[in-house]
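# Fold and contact review
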There are 2 protein chains.
Amino acid sequence: MQKNNNISNSVIRRLPRYYRFLGQLLKQDITKISSRELSEMMRLTASQIRQDLNCFGGFGQQGYGYNVAELRDEIAKILGIDITEKIILIGAGNLGRALTMHIDFAKYGYELAGIFDSNPAMENVEISGIKIQHTDMLEKFCTENKPTMAVLCIPRTDAKPTVEKLMSLGINAFWNFTHYDILFDFPDANVENVHLTDSLMTLSYAAKQRK
Amino acid sequence: MQKNNNISNSVIRRLPRYYRFLGQLLKQDITKISSRELSEMMRLTASQIRQDLNCFGGFGQQGYGYNVAELRDEIAKILGIDITEKIILIGAGNLGRALTMHIDFAKYGYELAGIFDSNPAMENVEISGIKIQHTDMLEKFCTENKPTMAVLCIPRTDAKPTVEKLMSLGINAFWNFTHYDILFDFPDANVENVHLTDSLMTLSYAAKQRK
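These notes cover the structure that comes with them. (Residues numbered from 1 in each chain as written. Chains lettered and ligands numbered in written order. Predicted model: local features only at pLDDT ≥ 70, side-chain atom pairs only at ≥ 80, totals over all residues. Heavy atoms only, no water.)

Their axes nearest at 9 Å, the elements helix 1 (residues 9–27) of chain A and helix 9 (residues 196–209) of chain B cross at an angle of 125°. Taken together, the axes of helix 1 of chain A and helix 9 of chain B are oblique relative to one another. Remark: the crossing between helix 1 of chain A and helix 9 of chain B carries right-handed chirality. Contact residues: Ile12, Arg13, Pro16, Arg17, Tyr19 and Arg20 of chain A in helix 1 of chain A; Asp198, Met201, Thr202 and Tyr205 of chain B in helix 9 of chain B. The residue makeup of the contact of helix 1 of chain A with helix 9 of chain B, split by class, is five nonpolar, one polar and four charged. (Axes fitted to C-alpha atoms, helices over the stretch in contact; angles between N-to-C directions. Helix = DSSP H or I, 4+ residues; strand = E, 2+ residues; numbered from the N terminus. Parallel < 35°, antiparallel > 145°, perpendicular 65-115°, else oblique. Left-handed = near helix turned anticlockwise from the far one by under 90°. Contact = heavy atoms within 4.5 Å. Nonpolar A, V, L, I, M, F, W, Y, C, P; charged D, E, K, R; others polar.)

Once that is clear, we can look at the relation of the copies chain A and chain B. Once chain A is rotated about the relating axis by 180° and shifted along it by 0.0 Å, it coincides with chain B to within an RMSD of 0.0 Å. Here the copies are linked by what is in effect a two-fold axis. Considering only C-alpha atoms, the part of chain A nearest the rotation axis is Ala98 of chain A, at 2.9 Å. Looking at the interface residues of chain A, 97% of them are also at the interface in chain B, so both copies use one shared face. (Least-squares fit on C-alpha atoms with pLDDT ≥ 70 in both.)

The next thing to look at is the interface of chain A and chain B. Taken together, the contact between chain A and chain B spans 68 residues of the former and 66 residues of the latter. Regarding the contact of chain A and chain B, the summed buried area is about 6,000 Å², with carbon and sulfur atoms giving 61% of it. For chain A, the biggest contributors to the area lost against chain B are Leu200, Met201 and Tyr205 of chain A; these three give 12% of the whole. At the junction of chain A with chain B, the criterion picks out four salt bridges. A salt bridge links Arg20 of chain A to Asp198 of chain B; the shortest N-O distance between them is 2.8 Å. Where chain A touches chain B, the interface holds 23 residue pairs in polar contact (both at pLDDT 80 or more). (Buried area = accessible area lost by both parts, 1.4 Å probe. Salt bridge = Lys/Arg side-chain N within 4 Å of Asp/Glu carboxyl O. Polar contact = N/O pair within 3.5 Å; in protein donor to acceptor, adjacent residues only side chain to side chain.)

Put into structure tokens, the structure is as follows:
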């Protein structure tokens, strides 16, 4: 299947959701589904679903619907999660440690290859079978292991020099939990920001508007 | 200031970002800023910023710019984070414990009033000064303390009965870390979903497209 490089950002953002829902169907041994059924489950319109999936060349047959496993595999390929990339985590505080234990990186096409922290007291502490290394070891580690992505769970003030260093070591994709705006200084980086407190403030707004 | 109830979702989603950036300016003792300066810092256009802030009646004076502290206070009011609401956390696993320690709830208008887990082994374990209670205690606790919001860090399969119970106890806003689609069953709830692995998959797509 040809990848279409002009796919809108909003379609891309829906793909992980399709992937999740199709996985849930497979768990329930459901092997085919119509766009109408899928649309009800996902609270989208059937035409929206057909449009989304058409961006990638279209799947499904008129009158049959979609083959769940096939469609899920194709979406995995589109997302690139069928190929394993090495990712490292920087900052083994509460959040970094929780992500290490909570997220099944392997399931999403990542090998969590290393965990780093600037606090010497954390060195050699083991989380999920991986020993924390001092950030001084980053250069040696990246040269030998060639990770391409990093999770950032560090204070905002440390983020700029860290990103600068990581980019010089061949890492150009960041799962960014800091409030540092990576793209402001490094417009060529691939960045996915997770601003947890922004989300909490948005909930506050929604809840208080209803009163 | 009058609240305008027809504000678009995309404007609302930018407000926490304004709030953060203005907070950073205050920390640097910057007391006023022009829309042009703010726009460069936030990578938005100056006219976008003026439009956004006009939704709420407009701030700032021609030729002077915005008073940073005043504008930040107004945004706090709009978001409702100037008023403290009680929130409880359900599910004291890795993620729930990390959020308890990592998020400064008080800073965003929340009092983390209780932590609950269905695992009896967790009972009375203390996190950030709060003792974990068994979920059997939810009814008594909610009747006495009247929390209005909940953070959900539980398995997807437990989510529906939990939300049903919490809604019957007066909670109608959810910071949802599960993959359960609350609005599908409870369209009147206020929900803010955090799908961490969706974000990870989106990063994978972006990074692999660049290759």
